[in-house]
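So you can see what is in the structure, the chains are spelled out below.
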Amino acid sequence: MLFRSDDDIIALSMSCFNNPWVDPKEVERTIAGMKDVLRVKREIHGEWVGNGYQLWKHFDPTKHLREGPWRDCSDWGLNNVTPAIGRVFWRRTDSNLKLVGGLDFNMFPMSLVLAQVCVPEGMDESNPENWILFVLDEIVKKVSGIREFAQYVSNKAGREKGLQADAFRGLPISCDSTGAQWKHPRITGISDKSTTLVKEMKKAGFDIRPCWLHPESGNPQNPAILDRVSLCHKLMSETVETPDGKVYPRLLIHATRCPELIRSLETQECDEIGRAHV
């Protein structure tokens, strides 16, 4: 049970394992007969889980999650190749590319993941098939507008994570392309029609770029949903094997610092052709 001061809705989940009148061994036997992860979450652990198609079927906590106090992939025996790879996307940048962000523009909440691209030691770092995406942390914050979020990440988020207060100031970020287009002030908290979410983040010092530009018009645009989903499926399902036989998934996530990301991977649903419900 977890209550947070910023929650609009408070829910209480009761697991069958907390029932004093039921033998835990009997609960385990029931789980073994269900075969459905979402049904187990709903009927055994009492979690609020939908009945639709599970989107991220390749996500496996036993494979994709990593524990540890570290904030750099090198401490897990991986080489950080983010600076070399990142300069392809963040061209002509003076930013420190050892850590990069991925930002989704929603006020309730804003969601920013902090990640590195890494390669197992001894593997060809120039071969994209050897690249692993390691999500090391997340910043999830309900805000009134983009300026509040920018100031929070610049001046406060680091301290809340046990770092310097400005640890994430100037972070290189790849963002939701809709943030480079002008939106109604009811959404953005901005009344100036000459600005965009991306421009406001740039004013705060972030090296932020839309994730994709349309190849013909050059305008910021998000890739098709199926393309985005397929790329994530690829990372989740593929592995990198080292010469000594060690196998790494191509997607790694910090098990304790990314609770909202993990929750979404375990519960997000899709339609009948595999498009994410958003």
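Everything below is about the structure shown above.
Now for a quick tour of the structure. (Residues numbered from 1 in each chain as written. Predicted model: local features only at pLDDT ≥ 70, side-chain atom pairs only at ≥ 80, totals over all residues. Heavy atoms only, no water.)

1. Remarks on the environment of Val247
Link 1 in the chain: Mapped onto the elements, Val247 comes out in strand S10 (residues 247-249).
Link 2 in the chain: Residue class for Val247 comes out partly exposed when judged on its relative accessible area of 45%.
Link 3 in the chain: Along the chain, Val247 and Pro120 lie 127 residues apart, while their C-alpha atoms are 9.4 Å from each other.
Link 4 in the chain: If near-sequence neighbours (up to four positions away) are discounted, Val247 is found in contact with Thr239, Val240 and Glu241. (Helix = DSSP H or I, 4+ residues; strand = E, 2+ residues; numbered from the N terminus. Buried < 20%, exposed > 50% of the residue type's maximum accessible area, 1.4 Å probe, protein only. Contact = heavy atoms within 4.5 Å.)

2. Overview of helix H2 (residues 37-44)
Link 1 in the chain: What H2 keeps buried is the set Leu38, Val40, Lys41 and Ile44.
Link 2 in the chain: Along its buried surface, H2 packs onto helix H1 (24-34), strand S1 (53-54) and helix H10 (259-267).
Link 3 in the chain: Phi for Gly46, located one or two positions after H2, is positive at around 70°.

3. Focus on the environment of Ile173
Link 1 in the chain: Position of Ile173 among the secondary structure elements: in strand S7 (residues 172-175).
Link 2 in the chain: Along the sequence, Ile173 and Gly102 sit 71 residues apart, while their C-alpha atoms lie 5.6 Å from each other.
Link 3 in the chain: If we skip the residues at most four places from it in the chain, Ile173 touches Trp90, Gly101, Leu103, Leu112, Met201, Phe206, Asp207, Ile208 and Arg209.

4. Side note on the pattern of salt bridges
Link 1 in the chain: Within this structure, the stated rule accounts for 11 salt bridges.
Link 2 in the chain: Between Asp137 and Arg71 there is a salt bridge whose closest N-O contact spans 2.8 Å. One end of the pair, Asp137, is in strand S6 (residues 132-141); the other, Arg71, is in the loop between strand S2 (65-66) and strand S3 (78-80), and 66 residues separate them in sequence.
Link 3 in the chain: We classify Asp137 as buried; its relative accessible area is 2%.
Link 4 in the chain: Judged by relative accessible area, which is 31%, Arg71 ranks as partly exposed.
Link 5 in the chain: What emerges from the salt-bridge pattern is a single network uniting Glu129, Lys234, Glu238 and Arg250. (Salt bridge = Lys/Arg side-chain N within 4 Å of Asp/Glu carboxyl O.)

5. Some remarks on the pairing of S6
Link 1 in the chain: Across the 10 residues of S6, 7 count as buried, placing the element largely inside the fold.
Link 2 in the chain: Relative to S6, strand S5 (residues 110-120) is paired through 9 bridges, and the arrangement is antiparallel. Across the sheet, residue Ala115 finds its bridge partner in S6, namely Val135. (Pairing = 2+ DSSP bridges.)

6. Examining the nonpolar core
Link 1 in the chain: The biggest cluster of nonpolar side chains holds 23 residues, and the ones touching the most others in it are Leu103, Phe105, Leu112, Ile139, Phe149, Ile173 and Met201.
Link 2 in the chain: Of all the secondary-structure elements, those providing two or more residues to this core are S5, helix H5 (146-155), S7 and helix H8 (197-203).
Link 3 in the chain: Broken down by element, the residue count for this core peaks at 5 residues, all from H5.
Link 4 in the chain: Excluding residues that lie within four positions of it along the chain, Phe105 makes contacts with Met110, Ile146, Cys175, Asp176, Gly179, Leu197, Val198, Met201 and Ile208.
Link 5 in the chain: Counting residues in each nonpolar core, the second largest holds 17 residues, with Leu55, Ala115, Val135 and Ala276 among its members. (Core = buried A, V, L, I, M, F, W, Y, C linked by side-chain atoms within 4.5 Å.)

7. Some remarks on the packing of aromatic side chains
Link 1 in the chain: The final tally for this structure, using the stated rule, is 3 aromatic pairs.
Link 2 in the chain: A centroid spacing of 5.0 Å and a plane angle of 90° characterise the contact between Trp70 and Trp76, whose relative ring orientation is edge-to-face.
Link 3 in the chain: Assessed through its relative accessible area of 35%, Trp70 is described here as partly exposed.
Link 4 in the chain: Relative to Phe134, the ring of Trp76 has its centre 4.8 Å away and its plane inclined at 50°; by these criteria the two rings are tilted. Pair noted here: Trp76 is in the loop between S2 and S3 and Phe134 is in strand S6, with a separation of 58 residues, a long-range link.
Link 5 in the chain: The buried category is assigned to Trp76, whose relative accessible area is 15%.
Link 6 in the chain: Relative accessible area serves as the criterion here: at 0%, Phe134 is assigned to the buried category. (Phe/Tyr/Trp six-rings, centres within 6.5 Å; stacked < 30°, edge-to-face > 60°.)

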